[in-house]
Each structure stands twice: as C-alpha cells, then as structure tokens.
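Descriptive analysis of the structure
These are the residues of each chain, in order.
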Amino acid sequence: MLEHPYWLDTLEQTPPSIPTPLPSRADVVIIGAGYTGLVAARHLARGGASVVVVEHGEIGSGASSRNGGQVLTGLKVDAATLVSQHGETRARELFDVSTRAIEDVEAIVSEERIECGFERTGHLMAAVKPSHFAAFRDEQALLARVFGQRVELVSPSEQRAELGSNRYHGLLIDPESRAINPAQYVHGLAAAARRVGAAIVTNTAVTSVKNAGAEWVVRTTANIVAAKNVLIATNGYTGRATPALRRRFVPIGSYIITTEPLGEARATELLPRNRMAFDSKNFLFYFRRTDDHRLLFGGRAEFSAPNANTTRRAAAILRQGMTEVFPQLADVRVDYAWGGHVAFTRDQMPHAGLLDGLYYAGGYCGHGIAMATHLGGQIARRLAGEAVDHPFVNDRFPAIPFYTGRPWFLPLAGTYYRLLDWLQ
Ligand SMILES: Cc1cc2nc3c(=O)[nH]c(=O)nc-3n(C[C@H](O)[C@H](O)[C@H](O)COP(=O)(O)OP(=O)(O)OC[C@H]3O[C@@H](n4cnc5c(N)ncnc54)[C@H](O)[C@@H]3O)c2cc1C
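A brief structural summary.

Reading the values: the criteria
Residues numbered from 1 in each chain as written. Predicted model: local features only at pLDDT ≥ 70, side-chain atom pairs only at ≥ 80, totals over all residues. Helix = DSSP H or I, 4+ residues; strand = E, 2+ residues; numbered from the N terminus. Rg over C-alpha atoms; globule rule 2.2 N^0.38 Å. Contact = placed C-beta atoms within 7 Å. Expected span 1.5 Å × (residues − 1). Buried ≥ 20, exposed ≤ 12 C-beta atoms within 10 Å, placed from the backbone. Pairing = 2+ DSSP bridges. Axes fitted to C-alpha atoms, helices over the stretch in contact; angles between N-to-C directions. Near = placed C-beta within 6 Å. Nonpolar A, V, L, I, M, F, W, Y, C, P; charged D, E, K, R; others polar. Parallel < 35°, antiparallel > 145°, perpendicular 65-115°, else oblique. Left-handed = near helix turned anticlockwise from the far one by under 90°. Core = buried A, V, L, I, M, F, W, Y, C linked by C-beta atoms within 7 Å.

**Describing the overall build of the chain**
- The number of helices and strands found in the chain is nine helices and 18 strands.
- Its C-alpha atoms give the chain a radius of gyration of 21 Å, within 12% of the compact-globule value 22 Å for 424 residues.
- Here the C-alpha coordinates of the chain stretch approximately 65 × 50 × 40 Å along the principal axes.
- Considering only contacts within the chain whose residues lie at least 6 apart along the sequence, 75% involve residues at least 24 apart.

**Considering helix 4 (residues 182-195)**
- In this model, helix 4 (14 residues) spans 20 Å end to end at C-alpha, consistent with the 20 Å of a helix rising 1.5 Å per residue.
- With 11 of its 14 residues buried, helix 4 lies for the most part within the structure.
- Close packing links the buried residues of helix 4 with helix 1 (35-46), strand 8 (199-201) and helix 8 (368-383).
- After helix 4 finishes, the residue glycine 197 shows a positive phi value of roughly 105 degrees.

**A look at the sheet that holds strand 15 (residues 295-299)**
- Spatial ordering of the open sheet is given by 5-6-4-13-14-15-12-16, a layout of eight strands whose pairing is mixed. Both edges of this open sheet fall to strand 5 (152-154) and strand 16 (334-344), since each of them pairs with a single strand only. Averaged over neighbouring strand pairs, the angle between their axes works out to 20 degrees when direction is ignored.
- Judged from the two bridges that link them, strand 13 (residues 276-279) and strand 14 (residues 285-289) form a sheet pairing that is antiparallel. Residue pairing for strand 14: alanine 277 is matched across the bridge by phenylalanine 287.
- Against the sheet, helix 7 (residues 308-325) contacts strand 12 (250-259), strand 14, strand 15 and strand 16, and its axis sits at roughly 105 degrees relative to strand 16.

**Let's talk about the pairing of strand 9 (residues 206-212)**
- Pairing of strand 9 with strand 10 (residues 215-220), which is carried by six bridges, proceeds in the antiparallel orientation. Looking at the pairing, valine 206 lines up with threonine 220 of strand 10.
- Adjacent in sequence and paired antiparallel, strand 9 and strand 10 are bridged by two residues, among which glycine 213 carries a positive phi angle near 75 degrees.

**Overview of the site of the ligand**
- Close contacts around the ligand come from 43 residues, with Gly32, Gly34, Gly62, Gly340 and Gly368 the closest.
- Of all elements in the fold, only helix 1, strand 3 (70-71), strand 12, strand 16 and helix 8 reach the threshold of two or more residues within the shell around the ligand.
- Looking at the shell around the ligand residue by residue, the classes come out as 16 nonpolar, 25 polar and two charged.

**Section: the packing of helix 1 against helix 4**
- In contact at an axis separation of 9 Å, helix 1 and helix 4 are set at 25 degrees when each is read in the N-to-C sense. In terms of orientation, helix 1 lies roughly parallel with respect to helix 4. In the packing of helix 1 onto helix 4, the handedness of the crossing is left-handed. Of the residues in helix 4, those touching helix 1 at Tyr35, Leu38, Val39, Ala41, Arg42 and Ala45 are Val186, Leu189, Ala190, Ala192 and Ala193.
- When the residues that make up the contact of helix 1 with helix 4 are grouped by side-chain class, the tally is 10 nonpolar, no polar and one charged.

**Some thoughts on the environment of alanine 380**
- Inspection of the secondary structure puts alanine 380 in helix 8.
- Note on alanine 380: 31 C-beta atoms within 10 Å, which makes it buried.
- Remark: the alpha-carbon pair of alanine 380 and isoleucine 173, spanning 207 residues in sequence, is separated by 34 Å.
- When neighbours within four sequence positions are excluded, alanine 380 is seen to be in contact with Ala40, His43 and Leu44.

**Regarding the nonpolar core**
- Ranked by size, the top nonpolar core spans 126 residues in total, and within it Val29, Val53 and Leu231 carry the most contacts.
- Per-element tally for this core: the top contributor is helix 2 (residues 79-111), with 12 residues.

**Some points on the environment of threonine 238**
- Note that threonine 238 resides in the loop between strand 11 (224-232) and helix 5 (243-246).
- Spatially, the C-alpha atoms of threonine 238 and leucine 172 are 35 Å apart, while their sequence positions differ by 66 residues.
- Apart from residues lying up to four places away in sequence, threonine 238 is in contact with Ile232, Leu245, Arg246, Phe249 and Ala343.

**What about the packing of helix 2 against helix 3 (residues 130-147)?**
- For the pair helix 2 and helix 3, the least separation of the axes is 10 Å and the interaxial angle reads 30 degrees. In terms of their interaxial angle, helix 2 and helix 3 are classed as roughly parallel. By crossing handedness, the relation of helix 2 to helix 3 is classed as right-handed. Listed contacts from helix 3 to Ala79, Ala80, Val83, Glu88, Ala91, Arg92 and Phe95 of helix 2 are Glu139, Leu142, Leu143, Val146 and Phe147.

As structure tokens, then:
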C-alpha cells in the first residue's frame, strides 16, 4: 500500500520543480500554494502586482491534492440548519455563494484549459437509517422552496440503479455536483498563475510575519521578503507563523483509501451513474470512482493529523467501512492510503477578510474545492482595492475561546458525534 495521494500518480509527469529565487521585495506575499493561494496569485498578477507565493512543501501538497475530488453543491451546514440559523433570505444568500463557487471552477478550468476531469456527474447522499430517508423528503421540499434547487429521491427498492449496495435506506440525488481530479486542477492553477507572472517558491516555509510600518517583513526558511500586503492561504495547515488565524481554524484529519483497478464492469456496478457519493452520518463516509476504475473511499476515520500511524489505522477503519458498504469488495487490494487536514471554524462557515492587517481566506470545513477557488478570487479582489460585498468576506471573525491552535477538544467532539450517529 502506497502512503501518498493516488491523485499524484495521475499527473502525466512529475511536475518539474522550477527553481525560483525568493525576491527580497514584492507587492504581495501569499503563504500557501493550494487553490486559495494560487487563484489569488493569478488574479493579482493579472492586475499587474508583483506576487510571490511561498509554499512549505510542493505545489498542492496541502489538502488541494489530497481531497476526494467531489465538487458539491451547498455548504457544510445543511439547508434546514442554514434556514433556522439565518432566516430564509440570508440562508438563500449564503447558499447562492456555493453555486457561484462551482461556476468559478467551471470558468477557470475552461479559460485556462485545465485538463482535470471536471465533469457534471451529480452526487448522491445515502440514508444510513430509514429515518434519514424520511428527513430527505423535508430537505427536498425545503431546497426547492427556499433555494430553487431541484433534487430527486430514490427509494430503497430502486436504489440499485444508482448504487451497488444494500447498506442504505434510499438516496437523495443532486445532479448539479461535479467531479474533479484535484491534483491536476491545482497544478493547472499553478501553471496559470505562473503564466501571468506570479512567482511560486516551493520547499520554503514562512516562519514569521511582522509589521514594519508601511510594509510587512516576511521571514522564511530562505531569505526575508518585504511586502506591501500578505495573504494567508494556509487553511488546515495554518501554523505558528500566523498565530491569530491559528486561533480561528481547527485542523481536522480526513483520510482516504483507493483500491486497485477493479475493471470497468465491477467499478460501474458500484456506482452505475458515476456519481460523487457520501452518506448521511455525522462521521460520514464519502466515495467515488476514478477514471481508471478504482474505488476511492474516504472518511473522518481519525480526527488527528495524519502521520504514518494514523494513516495506517485510518486505512484499516476505512477498509472495514468500505467492505460493509460493498461486501463484494472483500477480496480487493487497497493500493493507496493518505490523509490531510481540513480546517473547521466555530460556525462551520468559510471566512475571508483582514485580521490584524493580514488578509486571509479559509475555513472551508471539508467543502473547499469550489469555495477556495471562489474566496481566493474574492479576497484577491478585496486586496487589490475593489469593494467586495460578499457574505463571507468581512472582518468579523472572532477567535475560538480557550483555543490557541492545539485542538485538545477533538477526542471529545469525536465521541459526541459518534454518539449522535448512534442515537439519531
Ligand atoms: C482528505 C481530504 C478530503 C477532502 N475532500 C474534499 C472534497 O471531496 N470536496 C471538497 O470540496 N473539499 C474537500 N476537501 C477540502 C479541500 O481539499 C480544501 O478545502 C482545499 O484544498 C483548501 O485549499 P487551500 O488552498 O485553502 O489550502 P491547502 O490546499 O491545504 O493549502 C495550504 C498550503 O499552505 C502551506 N503552508 C502552511 N503553512 C505554511 C507556511 N508557514 N509557509 C509556507 N507554506 C505554508 C501548506 O503546505 C499547504 O500547501 C478535502 C480535504 C481533505 C484533507
């Protein structure tokens, strides 16, 4: 079993490490070369700014080449909660952002001709209990009435046309969601940013950012850069260099396994319409097919940050989960296992704005492919001086009480959500 993202092995060739010297001065320093940072870099460099993206690892080595490649409609918070927390008008505004975010991915993929398997496959949500399928009916009505979003329900007796599993009690289908190859996408974004003049310096970490009057002094593991503005695009990997943002993002581990190639017929039997899939638990499983007919199967099997031990432990849990959903896969080999960090926020909403003079965007709560693309663009517009009127772009983002960046409460939260899954 290889312990690295399957997606990296789908890149046509290993992306060349382009040696780029770190300039001593730039208009904008962007910390992090994932979707957020690269979309912002492209926008700002297009506008004529000198931009340098500083990346601790390789391009996309954070969540942007590690995710499940499911570009889903909606936000992390479900439609009913959104309405109960914000009222219908505001809920509609927030929900609409998720639709605009998918449109942004569509636009950038087509403008930059990024070959990344971006396809309107739709998604299915599978009811873990009969009561969850009953709740899907309410969700269907609410989505249509408040958000103008049409979804279909598939009863248990008909679900074989969508899913080769007897584990679930009916499905909710949303035809608007998309599939993407995340690593191909992030490398396409990097190439696009470079084409318009942004410098991307990899294997270099920002160690501190200090204010020096009219400019920022950005210390890195290479040299120091003086910048007029700084954008923190580190999401689930936000560290000590930016302590204020670290008090607002909670990094949570998410893990994925990928089977050996199953052959077209066997893979098609699992997900006949090639949907993106996930179940209705809090501690959910998500899965999809790949172009070479593997099953990719993920979940929050471990809350802690990935390392060799947690990845192997999570792989065993996920394999067990996968064979409970698809007993027909009991004999298949798992070829890949890996994990990555997602960033949660206290209100489970993404945030972008200005914090202590530094720009930031993040907190996508595991729904970041489209939202990072979207908010990377929005925060870049704001940084460039445009007036941005957007529900997620504002400077109100309170720190989480009693939290400095080490999520001591995750084991408790894990137990709580497991209990909820058992009860609900
Ligand atoms: C296993 C997994 C599955 C997921 N599945 C999905 C999915 O199916 N659909 C979906 O929409 N979203 C999914 N997500 C979430 C999605 O991948 C993220 O929301 C998105 O990639 C965030 O992009 P980003 O650019 O903000 O952050 P990242 O891609 O995480 O990039 C942050 C970068 O900052 C760098 N960095 C951090 N600190 C420093 C420093 N001091 N100096 C320099 N560089 C630094 C890191 O090395 C990293 O490369 C998943 C995430 C994971 C981990």
